[in-house]
Amino acid sequence: MHELILMRHAQAAPAELGAEDFTRPLTAAGRRAAAQAARTLAASGVQLDRVLLSPARRTRETAAIVAGELKLAETLLQAVPELYAASLAVIRAAIGRHHGGARSLLVVGHNPGISELARQLSAQPATGHLPTAGLRRLPLTDAQWRQLTQS
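For every chain, the first residue of its written sequence is number 1, and the numbers climb from 1 along that sequence. Reporting in this predicted model follows two pLDDT cut-offs: at least 70 for local features of residues, and 80 or more for side-chain atom pairs to be given and counted; totals over whole chains, interfaces and linings ignore these cut-offs and use all residues. Water and hydrogen atoms were dropped before computing side-chain values, which therefore reflect all heavy atoms in the structure.

Colleague: Can you walk me through the pattern of salt bridges in this structure?
Modeller: The term salt bridge refers to a pairing of a side-chain nitrogen on Lys or Arg with a carboxyl oxygen on Asp or Glu at a separation within 4 Å. Applying the stated rule across the entire model yields six salt bridges. Here Glu 3 makes a salt bridge to Arg 137, at a shortest N to O gap of 2.7 Å. In this pair, Glu 3 sits in strand 1 (residues 2-8) while Arg 137 sits in strand 5 (residues 135-140), placing the two residues 134 residues apart along the sequence. Type-normalised accessible area, obtained with a 1.4 Å probe on protein chains alone, sets the label of each residue: buried when under 20%, exposed when over 50%, and partly exposed for intermediate values. Note on Arg 137: relative accessible area 34%, which makes it partly exposed. In this structure, the salt-bridge partner of Asp 142 is Arg 103, at a minimum N-O distance of 3.6 Å. You can see Asp 142 sitting in helix 5 (residues 142-149) and its partner Arg 103 sitting in the loop between helix 3 (88-98) and strand 4 (104-109), a full 39 residues away along the chain. The exposure class of Asp 142 is partly exposed, given its relative accessible area of 37%. In this structure, a network of salt bridges that share partners links the residues Asp 21, Arg 24 and Arg 58. Runs of E in the DSSP output that reach at least two residues are strands. Runs of H or I that reach at least four are helices, and both are numbered from the N terminus.

Colleague: What am I meant to see in the nonpolar core here?
Modeller: When a protein is soluble and globular, its nonpolar side chains tend to lie buried together. What is meant by a nonpolar core is a set of buried Ala, Val, Leu, Ile, Met, Phe, Trp, Tyr and Cys residues, joined one to another through side-chain atoms within 4.5 Å. Counting residues in each nonpolar core, the largest one holds 21 residues, and the members touching the most others are Leu 4, Leu 6, Ile 91, Ile 95, Leu 105 and Val 107. Elements with a minimum of two residues in this core: strand 1, helix 3, strand 4, helix 4 (113-121), strand 5 and helix 5. Per-element accounting of this core gives the leading share, four residues, to helix 4. The contact criterion used throughout is that any non-hydrogen atoms of two residues lie within 4.5 Å. Apart from residues no more than four positions distant in its own chain, Leu 105 is found in contact with Glu 3, Leu 4, Ile 5, Leu 48, Arg 50, Val 51, Leu 52, Ile 95, His 99 and Trp 145. With 20 residues, the next largest nonpolar core counts Ile 5, Ala 34, Ala 63 and Ala 67 among its residues.

Here you go:
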């Protein structure tokens, strides 16, 4: 059995005129929400083998908060450039290329792609997008995992 955990980055500061979207930091509320989501994961006893994340500032900050709460080694975190504002297909391909043999993988990314993948892989019908700092845990059979990582 494998587990894929999809997480949307926490709330970021609004885009400012002339500033790049890529560099938007988390807000104070975003940092608190990311910490709460991380505590929820920690309380569940999750044991992550790898974390893939968009290199955008808000996803890096979200992933760092999660890693700190779960006491993950920094070496388990991998920024994947193609995950920045990625579509569903690009996220799937990035997981296939960068999963590194993980049995439990967290991907921290952006909407709409991260929510679309969550809906596609969920056994239960899901509506709407993941909220900021939202998580979707997806237990996957070995066959489902192979299909995901070979797509």
